[in-house]
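Residue-level listing of the chains:
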Amino acid sequence: MNIIDRYIIKKYLSTFVFTVGIFIVVIVVFDVSEKLDDFLKNKAPMSRVFLEYYAMGSIPFFLNMLTPLINFIAVIFFTSKMADQTEVVPILSGGMSFNRFLRPYMISAGLIFAFTLVSNIWIIPYTNKIKVNFENVYVKPQKVSGSTMSTHMQIDSNTYVYIDNFDTRRNIGYKFSMEKFQGDQLTEKLIAERITWDSVATKWKIEDYTVRTIDGLSEKMDKGTSRDTTLDMLPRDFEVYDNVFTAMDTDELNDRISKEETRGTGMMTDLLLEKYKRYIGPFSAFILTLMGVSLSSKKVRGGIGLSLGIGIALSFTFLVLVQFSTMFSLKGGLPPLIAILIPNVLFLTLAFWLKYKAPK
């Protein structure tokens, strides 16, 4: 790397960190003003609010979500400032191609990409768990105090279960039934008034049950008051509070996806969206960096303000497009992978067009 490369990398990363600091202050101020009534109503300790909820939960969550916007604004801000101070023209006029000029930007974007990817896989799920657990107690406690109604689940290739009402506080299900098939033929059906999770024995306890066993033309009926059984389901499979999947680590998320392929409880789209976001989202660092440099490397009459305004508008357009494609996947049947790729592919196309139009 030459002096220019080191200068651009230093400017890039320092502006990025400075922009992150500004966003942290704005996020905390607005979020506190919105949730202050909830904190006071649910008697949240102020030390836990700032040290646990914000420092270890909300700030990492919002920064991870807004990293594309922060990165884009940082690139446009210092590049347009370089162009306004006539620093870009001598660099390009001195024989450096635009592709070579992009190298330090891409090195910096690579660092942000690596940090974001590592955070998405190992750090953000942990901080999201802290955030979600805190919100379920001090912000929206009613989210975990209810029950899950009418749950159908396939727990293996031959076994189907149904629970009419599952109490997520006491881990008790009511009106439980389980059907076992061999091919297309029903071989056993169990109906119970109640099923309870035993956290000590890590087993399910079935109470007031009736078992109907079918063997060809013969049938057998058994009744009982209580019996223990092992089923491939856990109480957490019935949790329905907001952002539950964002709080899963990568191994847990992959395990849930594997089980969902068999069970078919209707959560596959949410699970796949969360998985693809973690791996594909960080690539936006390269896309928005290319777009930002191409957009702001030319000195314009409007100065820094014009480039910065366009950059902010495009950043919010990118975030809105991400949300729209996500909703189309959740509500409209758009494949999750396509939904995650659409914003990146569209903005990558725009980035290459801007690069083509950029000064050479």
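Procedures and definitions
- Residues numbered from 1 in each chain as written.
- Predicted model: local features only at pLDDT ≥ 70, side-chain atom pairs only at ≥ 80, totals over all residues.
- Heavy atoms only, no water.
- Core = buried A, V, L, I, M, F, W, Y, C linked by side-chain atoms within 4.5 Å.
- Buried < 20%, exposed > 50% of the residue type's maximum accessible area, 1.4 Å probe, protein only.
- Helix = DSSP H or I, 4+ residues; strand = E, 2+ residues; numbered from the N terminus.
- Contact = heavy atoms within 4.5 Å.
- Salt bridge = Lys/Arg side-chain N within 4 Å of Asp/Glu carboxyl O.
- Phe/Tyr/Trp six-rings, centres within 6.5 Å; stacked < 30°, edge-to-face > 60°.
- UniProt positions renumbered as here; feature names shortened; annotations may be inferred.
- Pairing = 2+ DSSP bridges.
- Axes fitted to C-alpha atoms, helices over the stretch in contact; angles between N-to-C directions.
- Parallel < 35°, antiparallel > 145°, perpendicular 65-115°, else oblique.
- Left-handed = near helix turned anticlockwise from the far one by under 90°.
- Nonpolar A, V, L, I, M, F, W, Y, C, P; charged D, E, K, R; others polar.
- Expected span 1.5 Å × (residues − 1).
- Patch = residues over 30% accessible without salt bridge, like charges linked within 9 Å, V, L, I, M, F, W, Y side chains within 5 Å.
- Areas by Shrake-Rupley, 256 points an atom, 1.4 Å probe, with all protein chains shown as cover.

**What about the nonpolar core?**
Right, on to step 1. Counting 55 residues, the largest nonpolar core has Phe-39, Tyr-54, Phe-101 and Tyr-105 as its most contacted members.
Right, on to step 2. At the level of secondary structure, the elements contributing two or more residues to this core comprise helix H1 (3-41), helix H2 (46-84), helix H3 (88-93), helix H4 (98-138), helix H7 (284-296), helix H8 (303-332) and helix H9 (336-357).
Right, on to step 3. Top element by residues in this core is H2. It accounts for 17 residues.
Right, on to step 4. With residues up to four places along the chain from it excluded, the contact list for Tyr-54 reads Val-28, Asp-31, Val-32, Phe-39, Val-49, Ile-59 and Pro-60.
Right, on to step 5. Ranked by size, the runner-up nonpolar core spans 18 residues in total, among them Ile-163, Phe-166, Leu-190 and Phe-238.

**Examining the pattern of salt bridges**
Right, on to step 1. Going through the model one piece at a time under the given rule, you end up with 15 salt bridges.
Right, on to step 2. The shortest N-O distance in the salt bridge between Glu-219 and Arg-212 comes to 3.0 Å.
Right, on to step 3. The partly exposed category is assigned to Arg-212, whose relative accessible area is 30%.
Right, on to step 4. Glu-274 is paired through a salt bridge with Arg-278; the nearest N and O atoms lie 2.9 Å apart. Taken as a pair, Glu-274 and Arg-278 lie in helix H6 (residues 268-280) at a separation of four residues, close to a single helical turn.

**Here's the deal with the packing of aromatic side chains**
A ring pair, where both rings are aromatic, is described by two values, the distance of the centres and the angle of the planes.
Right, on to step 1. Inspection of every chain in the model, using the stated rule, returns 19 aromatic pairs.
Right, on to step 2. A ring pair is formed by Phe-113 and Phe-286, whose centres lie 5.4 Å apart and whose planes are at 45°; its orientation type is tilted. Residue Phe-113 is found in helix H4, and its partner Phe-286 is found in helix H7; the two are separated by 173 residues along the sequence.
Right, on to step 3. Looking at Phe-286, the relative accessible area reads 26%, which means it is partly exposed.

**Regarding the UniProt feature "transmembrane region" (unreviewed entry) in the protein chain**
Right, on to step 1. Within this numbering scheme, the UniProt entry marks residues 12-33, 53-78, 105-124, 279-297, 304-324 and 336-354 as carrying the feature "transmembrane region" (unreviewed entry).
Right, on to step 2. In residues 53-78, helix accounts for 100% and strand for 0%; the two terminal C-alpha atoms are 33 Å from one another.
Right, on to step 3. Annotated as residues 336-354, this span is 100% helix and 0% strand, and its ends, taken at the C-alpha atoms, are 28 Å apart.

**A word on the pairing of strand S2 (residues 159-167)**
Right, on to step 1. Judged from the eight bridges that link them, strand S1 (residues 147-156) and S2 form a sheet pairing that is antiparallel. Pairing of Met-149 across the sheet is with Asn-165, part of S2.
Right, on to step 2. The antiparallel hairpin formed by S1 and S2 contains two residues in its connecting segment.
Right, on to step 3. Across eight bridges, the pairing between S2 and strand S3 (residues 172-182) is antiparallel. Within S3, the position partnered with Val-161 by the bridge is Met-178.
Right, on to step 4. Where S2 folds back on S3, the antiparallel hairpin that results is connected by four residues, among which Asn-171 adopts a positive phi of roughly 55°.

**Section: the packing of H2 against H8**
Right, on to step 1. For the pair H2 and H8, the least separation of the axes is 9 Å and the interaxial angle reads 160°. The orientation of H2 relative to H8 falls into the category roughly antiparallel. Every pair of crossing elements has a handedness; the one defined by H2 and H8 is right-handed. In this structure, H2 uses Met-65, Leu-66, Pro-68, Leu-69, Phe-72, Ile-73, Ile-76, Phe-77, Ser-80, Lys-81 and Asp-84 to contact H8, whose residues at the interface are Gly-303, Ile-304, Ser-307, Leu-308, Gly-311, Ile-312, Leu-314, Ser-315, Phe-316, Phe-318 and Leu-319.
Right, on to step 2. Of the residues in the contact of H2 with H8, the class split is 15 nonpolar, five polar and two charged.

**Regarding H6**
Right, on to step 1. Spanning 13 residues, H6 covers 18 Å between terminal C-alpha atoms, matching the ideal 18 Å at 1.5 Å per step.
Right, on to step 2. Those residues of H6 that fall on the buried side of the exposure criterion are Leu-271, Leu-272, Leu-273, Glu-274, Arg-278 and Ile-280.

**Digging into a nonpolar patch on the surface**
Right, on to step 1. Together, Phe-18, Ile-22, Val-25, Val-26, Val-29 and Phe-30 give the surface a local cluster of nonpolar side chains, amounting to about 610 Å² of exposed area.
Right, on to step 2. Take Val-25: it is sitting in helix H1.

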